[in-house]
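The residues making up each chain are set out below.
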Amino acid sequence: MMLEPAMKDLLAKVPSRYELVNVVACKARRIAREAEIAGEPLAEKPVSIAIQAVAAGELDDQSGQPEEAEG
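Residues numbered from 1 in each chain as written. Predicted model: local features only at pLDDT ≥ 70, side-chain atom pairs only at ≥ 80, totals over all residues. Heavy atoms only, no water.

Draft legend 1. Local environment of helix 2 (residues 17–38). For helix 2, which comprises 22 residues, the first-to-last C-alpha distance of 31 Å matches the rise-based estimate of 32 Å (1.5 Å per residue) to within 8%. For helix 2, every residue scored as buried is listed here: L20, V23, V24, C26, K27, A28, R30, I31 and A35. Looking at the packing, one finds that the buried side of helix 2 touches helix 1 (7–11) and helix 3 (46–55). (Helix = DSSP H or I, 4+ residues; strand = E, 2+ residues; numbered from the N terminus. Expected span 1.5 Å × (residues − 1). Buried < 20%, exposed > 50% of the residue type's maximum accessible area, 1.4 Å probe, protein only. Contact = heavy atoms within 4.5 Å.)

Draft legend 2. Region of the structure containing helix 3. By the burial criterion, the buried members of helix 3 are A50, A53 and V54. Considered in projection along helix 3, the buried side chains sweep an arc of 100° and stay on one side of the axis. Looking one or two residues past helix 3, G57 carries a phi angle of roughly 85°, positive in sign. (Arc of directions from axis to C-beta.)

Draft legend 3. The nonpolar core, seen in detail. Counting residues in hydrophobic clusters, the biggest one holds nine residues: L10, V14, L20, V23, V24, A28, I31, A50 and V54. For this core, the elements supplying multiple residues, two or more each, are helix 2 and helix 3. Discounting chain neighbours no more than four positions away, the residues touching I31 are L42, P46, I49 and A50. (Core = buried A, V, L, I, M, F, W, Y, C linked by side-chain atoms within 4.5 Å.)

The following block contains the structure:
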């Protein structure tokens, strides 16, 4: 099984594997929440979209920040 994009390419954008997991998870949750609010179905899983965004260098200032609880 081949991972696309390659891990070395992702690690060129984010300094460690642990931070990469955190950045991708936060971005995937944000993508899923925005799609749910908009009522749009996603063509791919949120994690796949988030990984592609990281590979493309689309890192926002809040990628690794914990999300605020809604309540």
